[in-house]
Amino acid sequence: SIAVVRQQERWAAERPLTVEDLSAEDRAKAERSTRPLAMAKALHRHGVHKATPPRDTYIDPDTGYMVFTQAFLKRRPCCGNGCRHCPWGHVNVPCNKGRTEEDKPRAADLEW
């Protein structure tokens, strides 16, 4: 039934991505990069743009922490915790409360 298929898709989306889930090409490219967080960015790109259904989280290879992707965060308003991939420009983060609209980041600037 359709409900069962949707539930199975949600379960797949809830399993966090790890470095092992990346293609050999994407993993090698991130490993060669000298940019900070290159592997985390590769995981985020894969989880949001290539995975079907888009993944909600990935495991940061440097810290071991689970990180929410934009695919997950877009389904709810900004929580104010300063999430790495916040699609809302951290509007509810306490240090951003007094900022004017011109000072706040634009959504286009927030894409990884």
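Residues numbered from 1 in each chain as written. Predicted model: local features only at pLDDT ≥ 70, side-chain atom pairs only at ≥ 80, totals over all residues. Heavy atoms only, no water.

Draft legend 1. Spatial organisation of unusual backbone geometry. Omega for the peptide link from Thr-52 to Pro-53 comes to -5°, which places this bond in the cis form. Here Pro-53 shows up in the loop between helix H3 (38-50) and strand S1 (57-59). Even without glycine at this site, Leu-37 takes up a positive phi of about 60°. With respect to the helices, strands and loops of the structure, Leu-37 is situated in the loop between helix H2 (24-32) and H3. The residue His-90 is not glycine, and still its phi comes out positive at about 55°. (Helix = DSSP H or I, 4+ residues; strand = E, 2+ residues; numbered from the N terminus.)

Draft legend 2. The arrangement of the side chain of Thr-69 in detail. Mapped onto the secondary structure, Thr-69 falls in the loop between strand S2 (66-68) and helix H4 (70-73). Under the relative-accessibility criterion, Thr-69 is labelled buried at 0%. Among residues more than four places away in sequence, those in contact with Thr-69 are His-44, Val-48, Arg-55, Asp-56, Thr-57, Tyr-58 and His-85. (Buried < 20%, exposed > 50% of the residue type's maximum accessible area, 1.4 Å probe, protein only. Contact = heavy atoms within 4.5 Å.)

Draft legend 3. Looking closely at the packing of H2 against H3. Orientation of H2 relative to H3, taken along the N-to-C sense of each, is 150°, at an axis distance of 8 Å. Considered as vectors, H2 and H3 are oriented roughly antiparallel to each other. The interaxial crossing formed by H2 with H3 has right-handed handedness. From H2, Asp-26, Arg-27, Ala-30 and Glu-31 reach across to H3, where they touch Ala-38, Met-39, Ala-42 and Lys-50. Class assignment of the residues belonging to the contact of H2 with H3 gives a composition of 4 nonpolar, no polar and 4 charged. (Axes fitted to C-alpha atoms, helices over the stretch in contact; angles between N-to-C directions. Parallel < 35°, antiparallel > 145°, perpendicular 65-115°, else oblique. Left-handed = near helix turned anticlockwise from the far one by under 90°. Nonpolar A, V, L, I, M, F, W, Y, C, P; charged D, E, K, R; others polar.)

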